[in-house]
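One letter stands for each residue in the lines below.
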Amino acid sequence: MQNLERAPLNPSLRDDRSWAIQWLTDAPDVSVTVCADLIVGVSEKTYAHAPEITVQYMLAMAAFLIENPSKSNDPDAQQLAGIESALNAYRAMRAAQPDDKSPGLEKLFGMQRQGELPDFVRKAYLRCSAKKR
């Protein structure tokens, strides 16, 4: 998982990413909730690497749950772990391809720098949860 975060565009890691997605899909005791409001503005139409970002977000939440079983009832912590990992992957992508930017992820970077990311995550996840009811 950490290799995917550090070098998300490395072609040799495609099989690892596929394996991890399949593992998460099949795992009976680990599940994550994707909240599209959190990865606002990150779509394949606006950012070519949106799939890698989305997968990193999902895998990081799963890793967080495995590493922190006591937080299984703390969706805010799970979502924050996912978004922070996705931002780390995006940062690595930007280092490799400086001109390839996502306005949505840039906005999240700004929130992270300002210390506003945890509050944004909490509010966005509340919106997602409300939509599912």
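The text that follows walks through the structure, step by step, so that each part is easy to find. In this text the structure is predicted, and so the values were computed from the model without any measurement. (Residues numbered from 1 in each chain as written. Predicted model: local features only at pLDDT ≥ 70, side-chain atom pairs only at ≥ 80, totals over all residues. Heavy atoms only, no water.)

### Looking at the overall build of the protein
How we decide: Only DSSP runs of H or I reaching four residues or more are called helices, and only runs of E reaching two or more are called strands; each is numbered from the N terminus. Atoms considered for the radius of gyration are the C-alpha atoms alone. The globule rule reads 2.2 Å times the number of residues to the power 0.38. Per-residue accessibility, obtained with a 1.4 Å probe over protein chains only, is compared with the maximum for each type, and a residue is labelled buried under 20%, exposed over 50%, and partly exposed between these values. Between two residues, a contact is recorded if the distance between any of their heavy atoms is within 4.5 Å. We get accessible surface area from the Shrake-Rupley algorithm with a probe of 1.4 Å; when it comes to residues, only the shown protein chains can shield them.
For the protein, the helix and strand inventory stands at six helices and zero strands. When its helices and strands are written in sequence order, the protein yields α-α-α-α-α-α. At 14 Å, the protein has a C-alpha radius of gyration in line with the 14 Å of a compact globule built from 133 residues. Principal axes of the C-alpha set define a box for the protein whose edges measure 40 × 35 × 25 Å. Counting all 133 residues of the protein, 41% fall into the buried class. For the protein, the share of sequence-separated contacts (at least 6 apart) that also reach a separation of at least 24 residues comes to 66%. Within the structure as shown, the protein displays about 7700 Å² of accessible surface, and the carbon and sulfur contribution to it stands at 51%.

### What about helix H3 (residues 50–67)?
Rules: Each residue after the first adds 1.5 Å to the expected span of a helix.
Across its 18 residues, H3 extends 26 Å between first and last C-alpha, which sits within 8% of the 26 Å expected from 1.5 Å per residue. What H3 keeps buried is the set Ala50, Ile53, Val55, Gln56, Tyr57, Leu59, Ala60, Met61, Ala62, Ala63, Phe64 and Leu65. Elements that come into contact with the buried residues of H3 comprise helix H1 (2–6), helix H2 (14–26), helix H4 (75–96) and helix H5 (103–113).

### Quick look at the packing of aromatic side chains
We apply this condition: Stacked, tilted and edge-to-face pairs are distinguished by plane angle, under 30 degrees for stacked and over 60 for edge-to-face with tilted covering the rest, among Phe, Tyr and Trp rings (Trp via its six-membered ring) whose centres lie within 6.5 Å.
Within the structure shown, the criterion is met by two aromatic pairs. An angle of 75 degrees between the planes, with centres 5.6 Å apart, marks the rings of tyrosine 47 and tyrosine 90 as edge-to-face. Of this pair, tyrosine 47 sits in the loop between H2 and H3 while tyrosine 90 sits in helix H4, placing them 43 residues apart in sequence. Across the pair, exposure class does not vary: tyrosine 47 and tyrosine 90 are buried alike. Both rings, one in tyrosine 90 and one in phenylalanine 109, keep their centres 5.4 Å apart while their planes meet at 40 degrees; by these two values the pair is tilted. Remark: phenylalanine 109 occurs in helix H5 and tyrosine 90 occurs in helix H4; sequence separation between them is 19 residues. For the pair tyrosine 90 and phenylalanine 109, a shared accessibility class is recorded, and that class is buried. A network of ring pairs unites the aromatic residues Tyr47, Tyr90 and Phe109 as a single cluster.

Purely geometric numbers; function is a separate question.
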